[in-house]
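Residue-level listing of the chains:
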Amino acid sequence: SSSSSSRAGVGCSSTLPSSSSSASSSATPVPANTHARRDLARSMRKRPSSCRFAGLELMIDPGGLTCIFMTYFLLAYGTLTVRYLLVDSPFSSHVETVFHVCVALSIISHLRAVFTDPGIVSAAAADEVVEGGRFCKDCQQAKPMRAHHCSTCEACVVRMDHHCPWINNCVGVRTQKYFTLFLVYTFLAGIIAFMLVIRKFHVCFSAPVSEYNAHDRPCPELRDGSFVALIIALGLISVVFASFTSLIFIGQASGLLTDVTGIEEMKGRVAERPMHISNLRYYFGPYSLMWLLPTAPSLNMHALAGDDFLPPKSV
């Protein structure tokens, strides 16, 4: 059954090796040949559990999967609350449309960040690193100058910024755009939701009570304490989401504008170019309105990986 599922592109892999393979690996002497030693090290090293479906691979990490579930749960909660409790006029209806567009773009950006290869250096690509390049002792292979090893993904990633549980993936050269757009659109959705919450309470409670009788008072739904609690909760969640994403975005924007990733900054790398918006093209592709959409950017992987990396066939 496992062979048939793998042929169909569906299946899950586990980190636990079989006892027979483990025993045979431990009894096998380390070969002198570099490529054979690399292949042996890879076969003995545990890989993260993952599931593959329709060409998409999802790493099975409890923390990451929990973050993904909470993200979509809160986005769904905000969408339903805005739709059924906060829309009460043509103006708020127009604002709701903008809110839903931001939520949709946030979800698409997040999904692409979750399922996109962040820029993992494959064995074929590692063979193209010129002699004298850096060597990863964990992967037992050469790696480009601007690639770093992720202990969670168990792989080297080109221009890795950090491993993010929020997307259950690395923020690397190929996922940086999606992660940044996810932050931007989540921030905008949070701000819009908070504005709708403030407007709702202002409209419902700004008029003096004496001007209305019990039947004419605006917002009759707010007589139900549970509805009030739902709206207040959305306001608090919106503030938390907007604050959290804005703080992360500031750090990401600084790295993008200076072309220095988070890991490189920790290791003391100094920006080789002045801070400028043109540096975004290394992650977002050529100047285009497509920068605002979660579309796959056209990237020059040769320039992005480092000068010690030959034009890659598969990275």
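Description of the structure in this document. Along each chain, residues carry numbers from 1 onward, in the same order as the chain's sequence is written. Given that the model is predicted, a residue must reach a pLDDT of at least 70 before its local features are reported, and side-chain atom pairs must reach 80 or more before they are shown or counted; all residues, however, enter totals for whole chains, interfaces and linings. Water and hydrogen atoms play no part in the side-chain values, which are based on all heavy atoms of the structure.

**Details of helix α4 (residues 62–86)**
Then comes step 1: Taking 1.5 Å as the rise per residue, α4 with 25 residues should run 36 Å; its terminal C-alpha atoms sit 35 Å apart, in good agreement.
Then comes step 2: Accessibility here uses a 1.4 Å probe with only protein chains present; expressed as a share of the type maximum, an area under 20% marks a residue as buried, one over 50% as exposed, and anything in between as partly exposed. Runs of H or I in DSSP of at least four residues are treated as helices and runs of E of at least two as strands, each being numbered from the N terminus. When α4 is considered as a whole, its buried residues turn out to be Gly 64, Ile 68, Thr 71, Leu 74, Leu 75, Tyr 77, Gly 78, Thr 79, Thr 81, Val 82, Leu 85 and Leu 86.
Then comes step 3: By the convention used here, residues are in contact when the closest approach between their heavy atoms is within 4.5 Å. Along its buried surface, α4 packs onto β3 (56–59), α5 (90–115), α7 (176–205) and α8 (225–258). Here, expected helix span is obtained from the residue count minus one, scaled by 1.5 Å.

**Digging into the pairing of strand β6 (residues 147–150)**
Then comes step 1: In this sheet, strand β7 (residues 155–158) lies alongside β6 in antiparallel orientation, the contact comprising 4 bridges. Bridging from a neighbouring strand, Ala 147 pairs with Val 158 of β7.
Then comes step 2: DSSP calls a pair of strands paired once it identifies at least 2 bridges connecting them. Two successive antiparallel strands, β6 and β7, enclose a turn made up of 4 residues, where Glu 154 displays a positive phi of approximately 55°.

**Quick look at the state of the cysteines**
Each disulfide consists of a covalent bond between the sulfur atoms of two cysteine residues.
Then comes step 1: The disulfide criterion used throughout: a pair of cysteine sulfur atoms within 2.5 Å. Scanning the model with the defined rule gives 0 disulfides in all.
Then comes step 2: In this model Cys 170 remains outside any disulfide bridge; the closest cysteine sulfur is found in Cys 150, 3.3 Å from its own.
Then comes step 3: Looking at Cys 170, the relative accessible area reads 0%, which means it is buried.

**Regarding the packing of α4 against α5**
Then comes step 1: Their axes nearest at 11 Å, the elements α4 and α5 cross at an angle of 170°. Here α4 is positioned roughly antiparallel relative to α5, judged by the angle of their axes. Residues Ile 68, Tyr 72, Leu 75, Gly 78, Thr 79, Val 82, Arg 83 and Leu 86 of α4 pack against Ser 92, Glu 96, Phe 99, His 100, Val 103, Ser 106, Ile 107, His 110, Leu 111 and Val 114 of α5.
Then comes step 2: Each residue is assigned to one of three groups, with Ala, Val, Leu, Ile, Met, Phe, Trp, Tyr, Cys and Pro labelled nonpolar, Asp, Glu, Lys and Arg labelled charged, and all others, Gly among them, labelled polar. For the contact of α4 with α5, the residue count by class is 10 nonpolar, 6 polar and 2 charged. Only the stretch in contact is used when a helix axis is fitted, and all axes are lines through C-alpha atoms; the angle between N-to-C directions ranges over 0 to 180 degrees. Each angle receives one of four descriptions, namely roughly parallel if under 35 degrees, roughly antiparallel if over 145, roughly perpendicular if within 65 to 115, and oblique otherwise.

**Some points on the pattern of salt bridges**
Then comes step 1: Think of a salt bridge as a Lys or Arg side-chain nitrogen and an Asp or Glu carboxyl oxygen that are within 4 Å of each other. A complete count under the given rule lists 8 salt bridges for this structure.
Then comes step 2: Among the salt bridges present, the one from Asp 88 reaches Arg 199, with a minimum N-O distance of 2.8 Å. Of this pair, Asp 88 sits in the loop between α4 and α5 while Arg 199 sits in helix α7; the two residues are 111 residues apart in sequence, bridging distant segments of the chain.
Then comes step 3: A relative accessible area of 21% places Arg 199 in the partly exposed class.
Then comes step 4: The partner of Lys 200 in a salt bridge is Asp 88, and the shortest N-O contact between them spans 3.3 Å. Here Lys 200 is found in helix α7, whereas its partner Asp 88 is found in the loop between α4 and α5, with 112 residues between them in sequence.

**Some points on the packing of aromatic side chains**
Then comes step 1: Pairing of aromatic side chains requires ring centres within 6.5 Å, counting the rings of Phe and Tyr and the six-membered ring of Trp. Pairs whose planes differ by under 30 degrees are stacked, by over 60 edge-to-face, and all others tilted. Tallying each qualifying case throughout the model produces 6 aromatic pairs.
Then comes step 2: Three or more aromatic residues joined by ring pairs form one cluster here, namely Trp 166, Phe 182, Phe 241 and Phe 244.
Then comes step 3: We note Arg 83 situated over the ring of Tyr 84; from NZ or CZ to the ring centre the distance is 5.7 Å.
Then comes step 4: Criterion for a charge above a ring: Arg CZ or Lys NZ at most 6 Å from the ring centre, at most 35 degrees from the ring normal. Against the face of Tyr 282 rests Arg 159, its NZ or CZ located 5.6 Å from the ring centre.

**A short note on the packing of α4 against α7**
Then comes step 1: Where α4 contacts α7, the two axes come as close as 11 Å, and the packing angle between them is 35°. Read as a crossing pair, α4 and α7 show a hand that is left-handed. Only Phe 182, Ala 193, Leu 196, Val 197 and Lys 200 of α7 make contact with α4, whose side of the interface consists of Thr 71, Val 82, Leu 85 and Leu 86.
Then comes step 2: Among the residues making up the contact of α4 with α7, the classes are represented as 7 nonpolar, 1 polar and 1 charged. Throughout, a crossing is termed right-handed when the near helix is turned clockwise from the far one, and left-handed when it is turned anticlockwise from it by less than a right angle.

**Some words on a nonpolar patch on the surface**
Then comes step 1: Two distance rules govern patches: like charges are joined within 9 Å, and nonpolar side chains (Val, Leu, Ile, Met, Phe, Trp, Tyr) within 5 Å, applied only to residues with over 30% relative accessible area and no salt bridge. The Shrake-Rupley method, run with a 1.4 Å probe sphere, supplies the accessible areas, and residue values consider only the shown protein chains as cover. On the surface, Leu 289, Met 290, Leu 292 and Leu 293 cluster together into a nonpolar patch covering about 390 Å² of accessible area.
Then comes step 2: Looking at where Met 290 falls in the secondary structure, it is placed in the loop between α10 (281–284) and α11 (301–305).

**A short note on the environment of Asn 168**
Then comes step 1: Within the secondary structure, Asn 168 is located in the loop between β8 (162–164) and β9 (169–171).
Then comes step 2: When its relative accessible area of 3% is taken as the criterion, Asn 168 is described as buried.
Then comes step 3: Through-space distance from the C-alpha of Asn 168 to that of Leu 58 is 8.1 Å; in sequence the pair is 110 residues apart.
Then comes step 4: The contacts of Asn 168, once residues within four sequence positions are left out, are Leu 58, Met 59, Asp 61, Gly 64, Leu 65, Ile 68 and His 163.
Then comes step 5: Within the structure, the side chain of Asn 168 is placed 2.6 Å from the backbone oxygen of Met 59, a separation counted as a polar contact. We define a polar contact as two N or O atoms separated by no more than 3.5 Å, with the added condition that, inside protein, one atom must be a possible hydrogen donor and the other a possible acceptor, whereas residues neighbouring each other in sequence contribute only through side-chain atom pairs.

These figures capture arrangement, not role.
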